[in-house]
Every structure is written in structure tokens, then in C-alpha cells.
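Next come the chains, spelled out residue by residue.
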Amino acid sequence: MPPPADIVKVAIEWPGAFPKLTEIDQKKPLSAIIKEACDGWSLTNHEYYALQHADSTNFYITEKNRNEIKNGAILRLTTSPAQTALQLHERIQSSSMDAKLEALKDLASYSRDITFAQEFINLDGISLLTQMVESGTDFGDMLSFTLTAFVELMDHGIVSWDTFSVAFIKKIASYVSKFPSDIAILQRSLAILESMVLNSHDLYQKVAQEITIGQLIPHLQGADQEIQTYTIAVINALFLKAPDDRRQEMANILAQKQLRAIILQYVIRAQRAINNEMAHQLYVLQVLTFNLLEDRMMTKMDPQDQAQRDIIFELRRIAFDAESEPNNSGGNVEKRKSMYTRDYKKLGFINHVNPAMDFTQTPPGMLALDNMLYFAKHQQDAYIRIVLENSSREDKHECPFGRSSIELTKMLCDILKVGELPSETCNDFHPMFFTHDRSFEEFFCICIQLLNKTWKEMRATSEDFNKVMQVVKEQIMRALTTKPSSLDQFKSKLQNLSYAEILKIRQSERMNQEDFQSRPILELKEKIQPEILELIKQQRLNRLVEGTCFRKLNSRRRQDKFWYCRLSPNHKVLHYGDLEETPQGEVPHDSLQDKLPVADIKAVVTGKDCPHMKEKGAKQNKEVLELAFSILYDSSGQLNFIAPDKHEYCVWTDGLNALLGKDMMSELTRNDLDTLLSMEIKLRLLDLENIQIPDAPPPIPKEPSNYDFVYDCN
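Residues numbered from 1 in each chain as written. Predicted model: local features only at pLDDT ≥ 70, side-chain atom pairs only at ≥ 80, totals over all residues. Heavy atoms only, no water.

### A word on the overall build of the chain
Phase 1: Along the chain, the regular secondary structure elements total 29 helices and 11 strands.
Phase 2: For the chain, the C-alpha radius of gyration of 34 Å lies well beyond 27 Å, the compact-globule estimate for 714 residues.
Phase 3: Across its three principal directions, the C-alpha atoms of the chain cover 110 × 110 × 40 Å.
Phase 4: By residue count, 46% of the 714 residues in the chain fall in the buried class.
Phase 5: Residue pairs at least 24 apart in sequence account for 66% of intrachain contacts in the chain once pairs closer than 6 positions are excluded.
Phase 6: Accessible surface, the chain: about 36,800 Å² in total, of which carbon and sulfur atoms supply 50%. (Helix = DSSP H or I, 4+ residues; strand = E, 2+ residues; numbered from the N terminus. Rg over C-alpha atoms; globule rule 2.2 N^0.38 Å. Buried < 20%, exposed > 50% of the residue type's maximum accessible area, 1.4 Å probe, protein only. Contact = heavy atoms within 4.5 Å. Areas by Shrake-Rupley, 256 points an atom, 1.4 Å probe, with all protein chains shown as cover.)

Below is the structure:
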């Protein structure tokens, strides 16, 4: 008799009959279990049948996933994937429009299952769907479900994108321009175009010839945020895959079509919240736009290039209003050289004789000079004031404009990660960068004036240069974290982050992190730490009880496939199941079909140790790797997660470890512990305010010579 762990009690349904309660022996071949089920209803040819989960997912049970069957599960006996694929392959070619439509609806649903998808693809089903699209005879729901089935089948990564014809691409591109009112067709067509561009270099070339930015722009001006998201995703894909020599050309086209202004008006400032996927696409566009600066950032100045040298002459002319032209050969050459050297020193260059040498370091290369010229021309009064104000000082407190501009440009490139590819999970876009066509240069103009202001507030000298840059970086980073909606708002945030304010913030943080290191305080910390850890543990478990919506991992990042997992209120069972869309609020336990008893959990693994990371080769995707964790149970059972963000990752890994009686080791727990400990200690020490706590307890006095002073009760 097999051990109880290998026996699963389930109910099996068959259309038109009462469900049968039965026991499945997980040691038996799946074909034998299906044969027993068929025999129960006197069905012959058991090889034509299979088992499915009796929910809306239509996912088949296979030898690979059979360990996911839980006690109490409801299964359905149905036709095998091969038979279903064969039937649907015939039905979608029906001459009856109604029958064909129903078949396509079923195909779109079944195609989410990889077992079925493999069988349908083996029947050359992808070619059949593409022929149906190319024929151009289907419209409306018929075409919508055809494209949906195509997208679902391609999502499994079984068929290469390189196999599609120009005729098919032309049809898909035409749907983007000809059917803007049919949301379903438009959405799927945009999704297909994005996947083509991202997954095939040859298809990028063909798609770029068929679809224009002008055809995509109108879709951003509608009210449907999902269509806007898919549209920006296609633009990002074209931008990302464009050859280096074409990216600037594409950026110019986007500028001509006023993409930035349209996104600002219809997306960022629209009267609705921006969802995570839209935020990600805006972040990607922001990164790709700033990456256009990489070429200038990595270009060294050529001291022999007269055009480049003329930029430096122009900076000098604007600052000091020199009457002579840069190339004027008249006058005393030595006298002119001496005058130029003096002026270059006033401008704050390191090399006074040949300031071109200051721009040979990459980064920031020529980008720093571009920023300086932009500032000098577009904010001339501020530029002249900064240069003259510092050049007239003789107390060694002058702020070198040239050196500051070069180092500031390098810092801004580092903050905005210029030259790095966009992360696949980051949503960190800044609305203010969409408010101006030259946002990086405007960003520089604000920050260079901040640097000069901070320099004066710190009363810095040249020896303090690095300290000033550290303070300026902190000011910029703190202002950026508030996500200002405009450059003016960013400037206002900086006004409230003076050097004095930064010192206050640093002192406050130091109090939280470094103070209270005396022995009595450390002993108090040690005493109350278990209470704080228990509080954090309860918070984590409460969050697991609320549950979280997770996105399914796939080769295409955006696919609108979700699943939900939550812990039962008694902390005994994990409930989980697939969702059709993002839930609004908590998902009830009874709507989640699958269960995993906490007692069955063997271990929780993260990162590279996760089975789904090994399978999908996620070594190349650092962001996904950092958000991955898995629950291992039974002999080979696993429940795989990709957290929506780092915070949820920490909450779930902490909560699961707490359930298993292990330590909570996440960065979030460390931060929460530090914060709550500090707050609790401050509350307990309120009565001791302004009283210095000694580092060590006072010495114990010597014992008295006698104890006559003790009160005698008698």
C-alpha cells in the first residue's frame, strides 16, 4: 500500500454525470489514472482523454505538473490536448461563421496552456492563423480572437519570430492604422509588433518600414491607458533596437511629432492614476532618451579642432564681453595669450593655458562643454553672475565654474544612468523630464546654480571641492525622490534643501543610526529587540493574509496574466490561483482554487537557487533574479514567485521564513528594526532629556564595616 503522502483525494467531473470522489496514487503513471477514470464512465480509447483542473484556466495535468494536485481538488476528464488541438484546427476552418467564431474563442482560451499549444503548433496551427490574418476576410470579434490566440501561442516561445512573412507584418501594421476604434484588435496588433521588434533583428527592419511614428502618435491621444501603454512600448522597442546611427534620427522624428508634449498632456497629466506598466514604459522612454547623450559623454575634446575651441572662446566672450573676435590675429600675441590665460582661470578651468585639455576625460567628455554653452546662452545673466562673482573673489573661496560644470555633468550622468540599458522591472520615471525638450540641459542649469549656492553656504575652498559635490548630490537625490512634476517644482524643492537643512537631516539620521551607543542604551536595545521583532513578524504575516497579486514570468514582459496568493487567517494554509485581471482589493479565499498547507513547506529559496530561474536561464536578467523566490514542498513540488517589487519581495520572504520559524533576514526588516528600536528608545528616554547618560555604570561601593543601619522590625 502506498504511503499516505502519495495519495491525493480528488473529485473528477465528466459532462452530464455526477462527479466521482476518488484517490489518485501519484506513484502510478498518469495514463493509468486516466484509464481508471475512463473505465468509471465506460469510455473507450482512454488515450484520447486527459485531466484538467476544473476551473477557468483549461490547464492540462501532465507528468510534469501532476505534483501540483492537492487534496480536495476538482478535476475534469476531457479530451486530450492532441485531440482538442485536432478538433479546433478543423473547427476554425468551418464555413459557418458562428461555429468558426466559437472555435476561435475556445482556441484563444486553450492556447494559454503550453501542452495544448505544443500540439496545436505541431499541426502547423500558427501558419493557419497567419494565413487567416493575411487573407483579410475576418473582422471584428473574429479577427480579435484570431490575434488573441496567435499572441497566446507565441508567448510560449515555441516558434521563432523570424518565420513570419512581410505580408503578415503588413496586415498587422495596417490594423494599427486602419482599426483604431476596435480596441481589442489594436491592442493585440501593438503587442505583436512589439514582440516582433524585440525578438528579431530582421523583423525590426520590416516593422520599421511598415509602421511610422505618425501612425502611432494618435493612439496616445485616446482615453484608453492600456492602448497608450502598448503604443509607448512599440515606440520604445523601435528606439531600443534601432542601429546606433539611426537613434538620433528617430529621436528627431519623435521631437518633430511632439511625442514628449503629447505624453505630458494625455498620459502624465491626465486625470487618472498611472499604473505600474505605464510607469515602466515611461521610465524606459526616459532612459532611452537620456542615452542619446552617451555619444557626447564618451567623446573626448580634440584640442586641435577649431570648432570645438570656438565653444570655449564663446564661453569667455559671453562672460567677459570681449570685443576682439576669437580668430583675430591682430595685437600682441603674447599679451593676448596672457589675457586668455587670466580669463580661463576666472572661468574656473583646471588647465588655464589650454582649457581644451579639461574635456579629454570621459565621462563626461564633450557633454560637459555642451551643458556649459547651453547655460551661458539660455541663462546668460545667471552665468555671468556666477563667473564674475567668483572671479572677483580673492579669499580662496571662489567656486571654479569650469571644474564644477565638468564634475556636475559627470554626477548627473551617474544619477540618471546615462548609457545603461533600462531595467526590466524599474518604474522610476520622473515627470519633470517630460516637461522640456532639453530637459537634461535645463536640469544642469538648475543644479549648477545649486552648486554655487551650496559652495557659498559651506564657505568652501578648493580643498573642500569633493565635500561640496557630495552635499550637492545629496540635495539633488533628496529632491528627486519627491518626484516633482516640473523643473520649477524641482527648483523649489532644492530651495528647501539648503546646506543647513542637509546638516539637520544628517544629524537626525545620525541620531537614529549611530547615537545611543553607550552601554546602558545597548542593554536596553537588547532587551526590547525581541518585542520589536515580534511586532515586525506580525506585520509581515498580516500582509501575507491580505495577499499579493503576482505577474506570471514570460519572454514578453507585459502579458496581463496574473495569479494571487494569500495566507489563511489562521496561518495554516496558503491559498493561490490564477486571475484574469489585476484585482481591485483583496481576493477572497474561496475564489482561489489551489491550497498549500504551511506544514508541507520544506524550504524557501531565493535568486539563483529558484527552480524557475534555472529553467528560464535568468542569469542574464539581474532585476528578475533579485525578485525571485520559491516555496519547495513534498518531494519535488514547487511554487514559484516573481515579486512585483523589492518591498513585496522582502515582505513575502520575511513572512514565509517567519512561518517556518526562521530569522527574517531582509533589508526591509533591518531598516524597520532600526527605525522602531530608535523610536522606542527615544520614547523611553523622554524623561531623561538633557541628562547625560554615562557610558558605564557607576562603581559599586565597598561593603560597610557593619550593618547596624538596617531597620530592625523587632
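### Here's the deal with the sheet that holds strand β4 (residues 74-79)
Phase 1: Taken in spatial order, the four strands of this open sheet run β2-β1-β4-β3, and their pairing is mixed. Edge positions in the open sheet fall to β2 (20-25) and β3 (49-53), since each of these has one partner strand only. Across the sheet, the mean angle separating the axes of adjacent strands is 45° when strand polarity is ignored.
Phase 2: As judged from the six bridges shared by strand β1 (residues 7-13) and β2, these two strands associate in the antiparallel manner. Directly across from I12, in β2, lies its bridge partner K20. (Pairing = 2+ DSSP bridges. Axes fitted to C-alpha atoms, helices over the stretch in contact; angles between N-to-C directions.)

### A word on the sheet that holds strand β6 (residues 562-567)
Phase 1: Taking strand neighbours across the sheet as the criterion, the four strands line up as β5-β6-β7-β8 in an open arrangement whose pairing is antiparallel. Here the strands that pair on one side only, and so sit at the sheet edges, are β5 (548-551) and β8 (594-597). Pairs of neighbouring strands in the sheet enclose a mean axial angle of 25°, with direction left out of account.
Phase 2: Here β6 pairs with strand β7 (residues 573-579) via six bridges, running antiparallel. The residue bridging L567 from the neighbouring strand is L574, located in β7.
Phase 3: Most of the contacts of helix α25 (residues 519-546) go to β6, to which it runs at about 135°, and overall it touches β5 and β6.

### Quick word on helix α9 (residues 201-210)
In an α-helix, one turn spans 3.6 residues, which is why side chains three or four residues apart end up on the same side.
Phase 1: Along α9, the residues classified as buried are L203, Y204 and V207. Viewed along the axis of α9, the buried residues span an arc of 105°, placing them on a single side of the element. Exposed positions of α9 whose direction lies more than 90 degrees from the buried face are H201 and Q209.
Phase 2: Among the structural elements, α7 (166-178), α8 (183-199), α11 (225-241) and α12 (244-256) are those in contact with the buried residues of α9. (Arc of directions from axis to C-beta.)

### Overview of the side chain of Q475
Phase 1: Within the fold, Q475 resides in helix α22 (residues 465-480).
Phase 2: Residue Q475 is classed as buried on the basis of its relative accessible area of 0%.
Phase 3: Each residue touching Q475, except ones within four places of it in the same chain, is listed here: L450, T454, L494, L497, S498, Y499 and I502.

### A look at the packing of aromatic side chains
Phase 1: Overall, the coordinates contain 32 aromatic pairs when judged by the stated rule.
Phase 2: Taking 5.3 Å as the distance between ring centres and 80° as the angle between the ring planes, the aromatic pair formed by F433 and F443 counts as edge-to-face. Placement of F433 in the loop between α20 (401-415) and α21 (439-458) and of F443 in helix α21 is noted, with a sequence separation of 10 residues between them.
Phase 3: For F433, a relative accessible area of 6% gives the class buried.
Phase 4: Their ring planes at 85° and their centres at 6.1 Å tell us that W563 and Y576 sit as a pair that is edge-to-face. Highlighted residues: W563 in strand β6 and Y576 in strand β7, separated in sequence by 13 residues.
Phase 5: We classify W563 as buried; its relative accessible area is 8%.
Phase 6: A network of ring pairs unites the aromatic residues F550, W563, Y576, F629, F641, Y649 and W652 as a single cluster.
Phase 7: Looking at K20, its charged tip hangs above the ring of W41, at a distance of 4.7 Å from the centre.
Phase 8: Sitting above the plane of the F465 ring, R403 keeps its charged end 3.8 Å from the centroid. (Phe/Tyr/Trp six-rings, centres within 6.5 Å; stacked < 30°, edge-to-face > 60°. Lys NZ or Arg CZ within 6 Å of the ring centre and 35° of its normal.)

### Topic: unusual backbone geometry
It is generally the case that most residues other than glycine have a negative phi and that most peptide bonds are trans.
Phase 1: Between T362 and the following residue, P363, the backbone shows a cis peptide bond with an omega angle of -15°.
Phase 2: Among the secondary structure elements, P363 is positioned in the loop between α17 (333-346) and α18 (366-378).
Phase 3: For the bond running from P363 to P364, omega is 15°, close enough to zero to count as cis.
Phase 4: Among the secondary structure elements, P364 is positioned in the loop between α17 and α18.
Phase 5: Positive phi outside glycine occurs at Q258, with the angle close to 55°.
Phase 6: Its relative accessible area of 53% is what places Q258 among the exposed residues.
Phase 7: Positive phi values are uncommon outside glycine, yet H571 reaches one of about 65°.

### Topic: the nonpolar core
Phase 1: Of all hydrophobic cores here, the largest spans 80 residues; its most connected members are L129 and I263.
Phase 2: The residues touching I263, leaving out its near neighbours within four places in the chain, are L220, I232, I268, L282, L285 and F434.
Phase 3: Membership of the second largest hydrophobic core comes to 67 residues, among which are F290, L293, F359 and I446. (Core = buried A, V, L, I, M, F, W, Y, C linked by side-chain atoms within 4.5 Å.)

### With respect to the pattern of salt bridges
It is possible for side chains bearing opposite charge to pair when their charged atoms get close.
Phase 1: In this structure the tally under the stated criterion is 24 salt bridges.
Phase 2: R91 is the partner of D106 in a salt bridge, and the nearest nitrogen-oxygen pair spans 3.0 Å. Taken together, the residues D106 in helix α3 (residues 97-110) and R91 in helix α2 (residues 81-91) connect sequence positions 15 residues apart.
Phase 3: In this structure, R246 engages E249 in a salt bridge whose closest nitrogen and oxygen atoms are separated by 3.9 Å. Taken together, the positions of R246 and E249, both in helix α12 and three residues apart, correspond to about one turn of that helix.
Phase 4: The partly exposed category is assigned to E249, whose relative accessible area is 41%.
Phase 5: A cluster of three or more residues bridged by salt bridges with shared partners is formed by R316, R342 and D343. (Salt bridge = Lys/Arg side-chain N within 4 Å of Asp/Glu carboxyl O.)

### A look at the packing of α20 against α21
Phase 1: With their axes 10 Å apart at the nearest point, α20 and α21 run at an angle of 125° to one another. Relative to α21, α20 is oriented oblique. Crossing of α20 against α21: the hand is right-handed. Facing α20, whose interface residues are F401, S404, S405, L408, T409, L412 and C413, α21 presents F440, F443, F444, C447, I448 and L451.
Phase 2: Its residues placed into classes, the contact of α20 with α21 shows 10 nonpolar, three polar and no charged. (Parallel < 35°, antiparallel > 145°, perpendicular 65-115°, else oblique. Left-handed = near helix turned anticlockwise from the far one by under 90°. Nonpolar A, V, L, I, M, F, W, Y, C, P; charged D, E, K, R; others polar.)

### A short note on the packing of α21 against helix α23 (residues 487-495)
Phase 1: At a minimum axis distance of 11 Å, the contact between α21 and α23 shows a crossing angle of 15°. Put simply, α21 runs roughly parallel to α23. Judged by the twist between their axes, the crossing of α21 over α23 is right-handed. Residues E442, F443, I446, C447, L450 and K453 of α21 touch α23, and the partners they reach there are L487, F490, K491, L494 and Q495.
Phase 2: Tallied by class, residues from the contact of α21 with α23 come to seven nonpolar, one polar and three charged.

### A look at helix α28 (residues 646-659)
Phase 1: Here α28 contains 14 residues, and its C-alpha end-to-end distance of 20 Å stays within 8% of the 20 Å for a straight helix at 1.5 Å per residue.
Phase 2: The opening residue of α28, the one whose side-chain oxygen lies 3.1 Å from the backbone nitrogen of H647, is D645. (Expected span 1.5 Å × (residues − 1). Polar contact = N/O pair within 3.5 Å; in protein donor to acceptor, adjacent residues only side chain to side chain.)

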